[in-house]
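Structural overview for review
Letter by letter, the chains look like this.
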Amino acid sequence: MPVVIVGAGIGGLAAALSLHAAGITDVVIAEAAAEPRPLGVGINLLPHAVRELTELGLADRLAGIGVATGELVYYNRYGSRIWSEPRGLRAGYRWPQFSVHRGRLQMLLLAEVRRRLGEAAVRTGHTLTGFHQEGGTVSARFATAGGETELTGDVLIGADGIRSTVRALLYPDEGPPPWNGLVLWRGVSQAQPFLSGRSMIMAGDGTAKFVAYPIQDTAPNLINWIAERPMEKAVTRGDWNRPVEPSEILRHFGDWRFDWLDVPGLISAADAVYEYPMVDRDPLPRWSHGRVTLLGDAAHAMYPIGSNGASQAVIDARVLACELVVGRPPEQALNAYEERRRPVTTALCQANRGMGPEVVMKIAHERAPNGFTDIEDVIPTAERESIAAAYKRTAGFDPRLLNERPSYGVEPA
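The paragraphs below set out a description of the structure included in this document. (Residues numbered from 1 in each chain as written. Predicted model: local features only at pLDDT ≥ 70, side-chain atom pairs only at ≥ 80, totals over all residues. Heavy atoms only, no water.)

Description of the overall build of the protein chain
Check the secondary structure of the protein chain and you find 13 helices and 21 strands. Against the 2.2 N^0.38 benchmark of 22 Å for 413 residues, the protein chain shows a C-alpha radius of gyration of 21 Å, consistent with a compact globule. When each of the 413 residues of the protein chain is scored for burial, the buried share is 56%. Taking contacts inside the protein chain between residues at least 6 apart in sequence as the whole, the part at least 24 apart equals 74%. (Helix = DSSP H or I, 4+ residues; strand = E, 2+ residues; numbered from the N terminus. Rg over C-alpha atoms; globule rule 2.2 N^0.38 Å. Buried < 20%, exposed > 50% of the residue type's maximum accessible area, 1.4 Å probe, protein only. Contact = heavy atoms within 4.5 Å.)

Structure, rendered in structure tokens:
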């Protein structure tokens, strides 16, 4: 079963590795960039995604490029603790949660694809211009430095990100990703560890927010951070490559100094800062059209809340590979993949629009805008536990269920 994947991001590369592991070895990835580079900042891989990558034989290599997250802690605007919970192995999962640099993870996956499937499996400098289905195959056209070329397969997978060309060809009237009025600034800084040294923190009031977590815990220690707030000016670019000066962020976060973290110091220490509008995509009624389907952000781009974007792309990849090898025709296999994944990611997209588990910061601010002495007087433990547990169930990483459930790469009973 020849398969063509558009996009050599985390989702596309995970799909190629998953297909190869399932026995589908005739796979080609077409990537628009002349040569992928380790761009971006930090991301998180949740235990359900780490489980799938572990089954692909990547556990040791993931541990070598990331930090095993030990806890997640929410604070209010004044640095007072709202909620904390263990993460990864400390939370009882059989798999860790990793905080990693997105570019390093992409390069790891790219190297594995080339090693396992061969150098020819990744075609760089290929920009998709169109595709057509005919006679049980799908042919995709690409612009290259040498002209136009065509790749033909039994299946075409659009894993080409939030501004997916495959999606735009399927839904030409959709338009750009909608912006919710919030802007994120992201950077990576050399800094001393804070709290446990493996803590992921979020501080805010439901409007402005600051996130920080380590992505390298050996010298030099690297801390990934995100600053977020509403902006009146329109920010339209849906990518991570618009640089800004740290002074722009310090105007809004210059007094966010806590006993356990110097926020303006962390911002000032960044080598580069990137601006990003908080955008997502409205859920689609269908991903699969004949022998063409979507995966990852191309299918279900969601707000960067709850650390789920890359994890859901990995799970998409594993489910899709599983469905393609059980013996049914490709069209049926793609529909089965969509039936398993689209309802889950639609619910998750909607949960993220409601702030997901981060809503505790908003609730704390609404009930105690000037701060609090005892969080129990503001949000009782039972309410905080319920918010955290509900999101884990929606996103598919409730520890009790995950530890007992078969891998996503195994055909469901």
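Describing the sheet that holds strand β20 (residues 270-279)
Read across the sheet, eight strands follow the order β6-β5-β14-β15-β16-β13-β20-β17 without closing on themselves; strand pairing throughout is mixed. Both outer strands of the open sheet, β6 (81-86) and β17 (242-244), are each paired with one neighbouring strand and no more. The average undirected angle you get between the axes of adjacent strands in this sheet is 20 degrees. Sheet topology note: the strand β13 (residues 179-190)/β20 ladder contains seven bridges and is antiparallel. Considered in β20, the bridge of V183 is made with P277. (Pairing = 2+ DSSP bridges. Axes fitted to C-alpha atoms, helices over the stretch in contact; angles between N-to-C directions.)

Some thoughts on the pairing of β6
Along any regular strand, the residues point their side chains to alternate faces of the sheet. Across five bridges, the pairing between strand β5 (residues 71-75) and β6 is antiparallel. Residue pairing for β6: Y75 is matched across the bridge by R81.

Remarks on the packing of aromatic side chains
All told, the structure shown has seven aromatic pairs when counted by the stated rule. A centroid spacing of 6.3 Å and a plane angle of 55 degrees characterise the contact between W256 and F258, whose relative ring orientation is tilted. The two residues W256 and F258 agree in class, both being buried. An aromatic cluster of three or more residues is present, and its members are Y75, F210, W225, F253, W256, F258 and W260. (Phe/Tyr/Trp six-rings, centres within 6.5 Å; stacked < 30°, edge-to-face > 60°.)

Details of the pattern of salt bridges
The final tally for this structure, using the stated rule, is 27 salt bridges. Here E112 and R61 are joined by a salt bridge, their closest N and O atoms 2.6 Å apart. With E112 in helix α4 (residues 102-117) and R61 in helix α3 (residues 59-65), this pair connects stretches of sequence that are 51 residues apart. Judged by relative accessible area, which is 4%, E112 ranks as buried. A relative accessible area of 37% means that R61 is categorised as partly exposed. Here E358 and K209 are joined by a salt bridge, their closest N and O atoms 2.5 Å apart. Of this pair, E358 sits in the loop between α10 (330-353) and α11 (359-367) while K209 sits in strand β15 (residues 209-216), placing them 149 residues apart in sequence. Residues E358 and K209 agree in their burial class; the two are buried. Linked by salt bridges that have partners in common, R61, E112, R115 and R116 make up one network. (Salt bridge = Lys/Arg side-chain N within 4 Å of Asp/Glu carboxyl O.)

Section: the sheet that holds strand β1 (residues 3-6)
Pairing is parallel across the open sheet formed by five strands, whose spatial order is β8-β2-β1-β12-β21. Edge positions in the open sheet fall to β8 (122-123) and β21 (292-294), since each of these has one partner strand only. In the sheet, β1 pairs with strand β12 (residues 155-158) via four bridges, with the strands oriented parallel. Bridge pairing links V3 to V155 in β12.

Topic: the environment of V166
Position of V166 relative to the elements: it lies in helix α5 (residues 165-170). By relative accessible area, which is 0% here, V166 ends up buried. Sequence separation of V166 and R400 is 234 residues, and the distance between their C-alpha atoms is 37 Å. Those residues in contact with V166 that sit more than four places away from it in its chain are V6, L128, F131, G158, D160, V292 and L294.

A closer look at unusual backbone geometry
With omega at -5 degrees, the peptide bond leading from A219 into P220 counts as cis. Considering the arrangement of structural elements, one finds P220 in the loop between β15 and β16 (222-230). Despite not being glycine, L195 shows a phi value in the positive range, around 50 degrees. Here L195 lies in the loop between β13 and β14 (199-204). At S307, a position not held by glycine, the phi torsion is positive, near 60 degrees. Examined against the element boundaries, S307 turns out to sit in the loop between α8 (297-300) and α9 (309-324). Residue S307 is classed as buried on the basis of its relative accessible area of 17%.

Comments concerning the nonpolar core
Formed by 78 residues in total, the largest nonpolar core has its most connected members in I5, L19, L105 and L109. Examining the composition of this core, we find that eight residues originate from one element, α9, more than from any other. The next biggest cluster of nonpolar side chains, apart from the first, holds 34 residues, and it includes L72, V188, V378 and I387. (Core = buried A, V, L, I, M, F, W, Y, C linked by side-chain atoms within 4.5 Å.)

Structural notes on helix α1 (residues 10-21)
Helical geometry: 3.6 residues make up each α-helical turn, so side chains three or four residues apart lie on a common side. Over its twelve residues, α1 extends 16 Å from the first C-alpha to the last, a length consistent with the 16 Å expected when each residue adds 1.5 Å. Of all the positions in α1, only I10, G11, G12, L13, A14, A15, A16, L17, S18 and L19 are classed as buried. Tucked inside the fold, the buried residues of α1 contact β1, β2 (27-30), β3 (42-45), α4, β12 and α9. Once α1 ends, the next one or two residues include G23, with phi positive near 105 degrees. (Expected span 1.5 Å × (residues − 1).)

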